[in-house]
Structures are given as structure tokens and as C-alpha cells.
Amino acid sequence: MSDGRTTPSAELPPFTYAPMPDVDSSLRERLGQYPRVPDITFDALRTIARWTAVGLTKLQFPIEIRGEPPTGDRVALVANHQSHLDSLVILAALSERRRREIACLAAKDYFFEKPAVALASSLFAMAVAFDRTRYTELRRWTRILREQRRGTLLVYPSGSRRRSEVHDAILFVLASSGWSVVPVAIAGSAKAWPVGRALWRPFQPVRVTFGPPMTATPTKDLGAALAAFWSANA
Amino acid sequence: MGIEALPQPLAAYTALAALSVVVFGLFLRVTRLTAGWLPYRTWLVMLPVVFVSLWLGPWAWALLITVLSIYGFKEFARATGLYRERLFVLAVYLAMVAANTLAYFGRFGLFTVVPMWGVALLTLVPIVRNKTEGMLQDFALSVLGVVYFGWFLAHLTYLATWDGGLGLVLYIVLATQLNDVVAFLVGKLFGRRHWTTLSPNKTVEGSLGAFVFGITFAFVNWQLAFPQLPWWGVLGLGVIVGAGGQIGDLTLANFKRNVGIKDFGNLLPGHGGILDRLNSLTLVAPVAFHFVRFFFGGFP
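Residues numbered from 1 in each chain as written. Chains lettered and ligands numbered in written order. Predicted model: local features only at pLDDT ≥ 70, side-chain atom pairs only at ≥ 80, totals over all residues.

Student: Got a sec to walk through the overall build of chain A? Specific residues and values, please.
Tutor: When its secondary structure is counted, chain A shows 10 helices and 7 strands. Once the C-alpha set of chain A is aligned to its principal axes, its extents read approximately 80 × 40 × 40 Å. Put simply, chain A has 234 residues, and 35% of those count as buried. Intrachain contacts of chain A at a sequence separation of at least 6 include 75% that bridge at least 24 residues. (Helix = DSSP H or I, 4+ residues; strand = E, 2+ residues; numbered from the N terminus. Buried ≥ 20, exposed ≤ 12 C-beta atoms within 10 Å, placed from the backbone. Contact = placed C-beta atoms within 7 Å.)

Written as C-alpha cells, this is what we have:
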């Protein structure tokens, strides 16, 4: 029977410190990193900014949603890109759970050079940095995506609002990492907020069409299949 | 217009700060000390933030101190890994907001028991989390956050609410910052003997230079910042800044060495993190506050 006393260990374990993985990163790097390291401040600000942005988007633009928004984990929404409004419109078309975890791949050299732009992109549009100037970037993303057990990505494979042709490399990375590619077609956003205009035109109708996951499509044909989907739902 | 005609020392200090910025900028330009431009540019942002909040009034100053406390503790929590335990971090944030709110409203009795209530709140976290692993360390680090980074810094808010306390705030803030600079410069120019493993670059000469500067600077500011104090009160303040500033600096240096990091962050280019800038101030503010309050009953 126990006498109620415990034997003290010969040596107490010392305090061990495990700094956060991004402790040496700059503010811009922390805003653009994927996977995101939990951060009370950023998470709270992102929630407020996201609700504000989505609320204002819904208020200003009649959004028609076609098809079924995606379900399941490790989903990559692959959309055509013609306006800064695209990400906000897609966010508005998704569930809050999906919005919370989504990461929108955004050009590092455009969105993450200035702290103010990085802050706005990360908080309002859930952007993460994709360095299109580094040739090792795709390899880095392949490693990241293979390690991720869950998540939702928003990818614009054209890489720019001014281009429409698809870059196959990012599609190959997504498919080879086992992520489910879901085609998304956006129509009307180019008119609502055209490239080169400082301000948007409110009350223009916008349509978001979700296609079925392209699980059966061979990787080499993904680009063509996406282009066909976007064209059919333009 | 003489200094005595100014309504309060803030105007004079603002003018002096603006003049210092110009003079130091010219100094950097003439000497072509390129390494000095980065911290200088950061000062160009930090100084307006400090002075604008002081001009706006105690509420803005309280807000600034609260934000700095929270961000400073966040850097500490991220460096130690405590940040993974969100409930501990949120409890410390809450204690910081409470300390600064009570300081702003001048509720001294409640202000002095903030650490007790803060620690009491922290005791609930392991129970709510129903977890034992690592809780002793996290609890201890959070207590440090409540007392050292929260309650200690909140004394700066309290000081600003005293009649005539603004001079003391300005002196403490400027003196602690200049103290670091003097210790660095004297150490670079005359430093020979290193004296502490907590911060191996510190020299006896640099530390003595900063100590002497702290006392001299107190007497230079006497009539402008705290004319109510007798000479020995000024001497006391000088000693507190001259010695306390360095002790605060070494304390944070010790924390960093324990954790194994160089800086607490990189929010302030050329300076490091918020805590790297507040290291001296954190300790000096409460000691100076209670020194003045104990011997002179605050500024009546």
C-alpha cells in the first residue's frame, strides 16, 4: 500500500525552449508563409478582415453560384484569373470553414514586396507567397503539398490577370502531390473590376462555377481540360 | 521664449527630439557611417509614434504602452515556444490590458494587485487544458509575462497620469534609450575589459560610461523634467536609470541566451524586436515610479 509519498526524481528535467518555426522570419515572410504558423494576432485580424471583405463583396456584387462547392481535404481550386476581385468572389462562394483554411497562391514579387500590400493581401484575400522568379519554387511547393494532410488552395495557373494560357507546371505539382484539382470558372469579374482600373464598378453581376474534381483526367491533359471548362462557363 | 514659459516639458522635449534627429542625420551624412542609417530610419518612425501619443494625452499613451506590452510579450512567447499555449498567452494579454486600464484610471490599489489576479487567472489554464506536460514551464513563463512585461511596463502608463509626471516619463524613456547608445559608444571607443557572460560584448568602461551618463543626464534634465525633486532625488533617479537600465538590458540578454536567439524579433530594422528596444525601460519604469512615489508621494 502506498504511503502517499512519491519519490522525487534524481534530476528535474530542465526547461526546454522550442521557438516558433518562423521566429527569425520578417513580417512579410510570416504573412506569406504556407503552411501558416498559428498566430493569435494574424488569425484574429484575418477573421475580421475576411468577414469584412466577404460581406462587402456580397453586398456590392450579385454573385451567382453554379455547381457544388468542393468537399473533402487537400483540395486545389484552380480558377481563371482576370481581376483582383476573383479571390474575393471565390471566398464569398465558399463555406466559412473553407474560407478559414484557404490559401491563395499570389505572386511574391507583386503582393509581398511592400509590408502594407502584404498585410492587405494576407488578411483580406488569404494570400500566401509564391515566388515565380525562383526556379526551385515548384520543387519547394511539391514538398510542402506532399507533407500537408489537409488544406484548400486557390491557384490561378495563368499566373497573371493579363494572360489566359495555363502554366502546366503548377498543375503537375498539384496532381503529383495527390491534391484534388477542382476547376472553377469566374465570369463577370473582368467587367466589375477591369485590369488597370484603380476602382471597381459595383453591382455588376458575377458568376462562379464549380466543376467536379478532375480526378480521372490524366495530368498531361489537365491544362486543356481546364481551358475547356473555363471557356464553356465564360 | 524661455523653457520656463512652456506649458509643460513635452513641447521642449519634442523640439529637442526633432533637433536631435536633424543633427544625427547630418552627423551620419558627414561621417558616412552607413551602418547607422538603418537604425536611424527606424527612429524616424519610432519617435513620432512616441511623441504623437504623448501629445494626444494619457489615453493614447496608455494604448501605446498596452500594444507595446502585448507585442513585446508576443515576441517573448514566440521565442520560448509558450505561444503554442494560446490560453496562457491570452490570459497574459488580459492581465496587460487590465494593468494599463487601471493605471490609466489611477486606481493604485487595484493596479498593485494586478499581478496577483493575473497569476490567479493563469492557475486556471492547466485545469481547463486538463494537461500536465510542460505546464510548469508555461506557467512560469506566463507569470514572467504578467509581472515583468505587463505590470512593470504599465507603470509608464501610471506615470503619465500624475500631475507633472510627463516630465518623468520623457526623461525615463529618453534616458534609457540614450543610455544604451552611450554604453555602446563608450565601449567601442574605450572598452578593454569584458565583465559578464550574460552579454559578452559589454565592457567595464562602457557600463561605467552609461552609469555616469545616467546621473549626468538626470541633472541636465532636472529643471525641465522634474523640478519638484531635491538634488538627492535627482541623483537617485540618475542611479536608477544608469544602473537599472543596464540591469534590464542584461536580464533580457540572459533570457535570449537561455532561449538561444540573437534578437527577440525583427520588427524594428537595425534594432531587433520591440523587447530589444524596451529591455532597459521595462525594469527602470517601475523602480523609478516607486522610488518617486515612496520618497515624494508622487508629484502632488
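Student: Give me helix H7 (residues 135-161) of chain B: which residues, what numbers.
Tutor: With 27 residues, H7 of chain B should cover 39 Å at 1.5 Å per step; its first-to-last C-alpha distance of 37 Å lies within 8% of that length. Where H7 of chain B bends most, the angle comes to about 25 degrees, and this point is Gly145 of chain B. (Expected span 1.5 Å × (residues − 1). Bend = angle between axes of the 7 residues up to and from the residue.)

Student: Quick rundown of the packing of H7 of chain B against helix H11 (residues 274-296) of chain B? Include the residues and the values.
Tutor: All names here are of chain B. With their axes 8 Å apart at the nearest point, H7 and H11 run at an angle of 55 degrees to one another. In terms of axis orientation, H7 runs oblique to H11. Considering how the two elements wind past one another, H7 and H11 form a crossing that is left-handed. Packed against H7, whose contacting residues are Tyr148, Phe149, Phe152, Leu153, His155, Leu156, Tyr158 and Leu159, the element H11 presents Thr282, Leu283, Ala285, Pro286 and Phe289 at the interface. Tallied by class, the residues present in the contact of H7 with H11 amount to 11 nonpolar, 2 polar and no charged. (Axes fitted to C-alpha atoms, helices over the stretch in contact; angles between N-to-C directions. Parallel < 35°, antiparallel > 145°, perpendicular 65-115°, else oblique. Left-handed = near helix turned anticlockwise from the far one by under 90°. Nonpolar A, V, L, I, M, F, W, Y, C, P; charged D, E, K, R; others polar.)

Student: Which residues make up the packing of helix H3 (residues 58-80) of chain B against H7 of chain B, and what are the values?
Tutor: Residue and element names in this part refer to chain B. Running from N to C, H3 and H7 cross one another at 160 degrees; their axes reach a closest spacing of 9 Å. The orientation of H3 relative to H7 falls into the category roughly antiparallel. H3 and H7 meet at a crossing whose hand is right-handed. Two secondary-structure elements touch here, H3 through Pro58, Trp61, Ala62, Ile65, Leu68, Ser69, Gly72, Phe73, Phe76, Ala77 and Thr80 and H7 through Leu141, Gly145, Phe149, Gly150, Leu153, Ala154, Leu156, Thr157, Ala160 and Thr161.

Student: Give a detailed account of the pairing of strand E5 (residues 152-155) of chain A, specifying residues and quantitative values.
Tutor: Residue and element names in this part refer to chain A. The alternating pattern of E5 places Thr152 and Leu154 on one face and Leu153 and Val155 on the opposite face, and all of these are buried. Here strand E3 (residues 102-107) pairs with E5 via 3 bridges, running parallel. Opposite Ile102, over in E5, you have Thr152 as the bridge partner. (Pairing = 2+ DSSP bridges.)

Student: Outline the domain arrangement of chain B, supporting the account with residue identities and numerical values.
Tutor: Segmentation of chain B into domains returns domain 1 (10-56), domain 2 (58-161) and domain 3 (163-300). Measuring from the centre of the C-alpha atoms in domain 1 of chain B to the corresponding centre in domain 2 of chain B gives 31 Å. (Domains from an automatic or database assignment.)

Student: Before we move on, can you summarise the sheet that holds E3 of chain A with the specific residues and values?
Tutor: Residues and elements named next belong to chain A. Taken in spatial order, the 7 strands make up an open sheet running E1-E7-E6-E2-E5-E3-E4, and their pairing is mixed. One side of each edge strand has no neighbouring strand; the edge strands of this open sheet are strand E1 (63-66) and strand E4 (127-130). Adjacent strand axes in the sheet meet at a mean angle of 25 degrees, parallel and antiparallel pairs treated alike. Strand direction decides the pairing type here: E3 and E4, joined by 4 bridges, are parallel. Note on E4: the bridge partner recorded for Ala106 is Ala129. Of the strands in this sheet, strand E2 (75-79) and strand E6 (180-187) are in contact with helix H10 (residues 222-232), which crosses E6 at around 30 degrees.

Student: Explain the interface of chain B and chain A residue by residue, including any values.
Tutor: At the junction of the two partners, chain B supplies 14 residues and chain A supplies 10 residues. Within the residue set of the side of chain B that touches chain A, elements represented by two or more residues are H3 and helix H4 (86-104) of chain B. By residue number, the principal contributor to the side of chain B that touches chain A is H3 of chain B, which donates 4 residues. Residue composition of the side of chain B that touches chain A, by class: 6 nonpolar, 5 polar and 3 charged.

Student: Hey, could you go over the pairing of E2 of chain A for me, with residue numbers and the actual values?
Tutor: All names here are of chain A. In terms of burial, E2 is a largely internal element, 5 of the 5 residues being buried. Across the two faces of E2 the burial is the same, with Val75, Leu77 and Ala79 and Ala76 and Val78 all buried. Pairing between E2 and E5: 4 bridges, direction parallel. Within E5, the position partnered with Leu77 by the bridge is Leu154.

Student: If you had to explain the confidence of the model for chain A to someone new, which residues and values would you point to?
Tutor: For chain A, per-residue confidence averages 90 on the pLDDT scale, and 94% of positions sit at 70 or higher. Looking over chain A, one finds the lowest element-wise mean pLDDT in helix H8 (residues 168-176) of chain A, namely 89, and the highest in strand E7 (residues 206-210) of chain A, namely 96. (pLDDT = per-residue confidence, 0-100.)

Student: Describe the nonpolar core, naming the residues involved and giving the relevant values.
Tutor: Generally speaking, soluble globular proteins have nonpolar side chains that are buried together. Grouped together as the largest cluster of nonpolar side chains are 83 residues, with contacts concentrated most on Ala99, Ile172 and Ala288 of chain B. Not counting residues within four places of it along the chain, the set of residues in contact with Ile172 of chain B comprises Val241, Leu281, Val284, Ala285 and Ala288 of chain B. Counting 57 residues, the second-largest nonpolar core is a separate cluster that includes Phe61, Val173, Ile186 and Ala192 of chain A. (Core = buried A, V, L, I, M, F, W, Y, C linked by C-beta atoms within 7 Å.)

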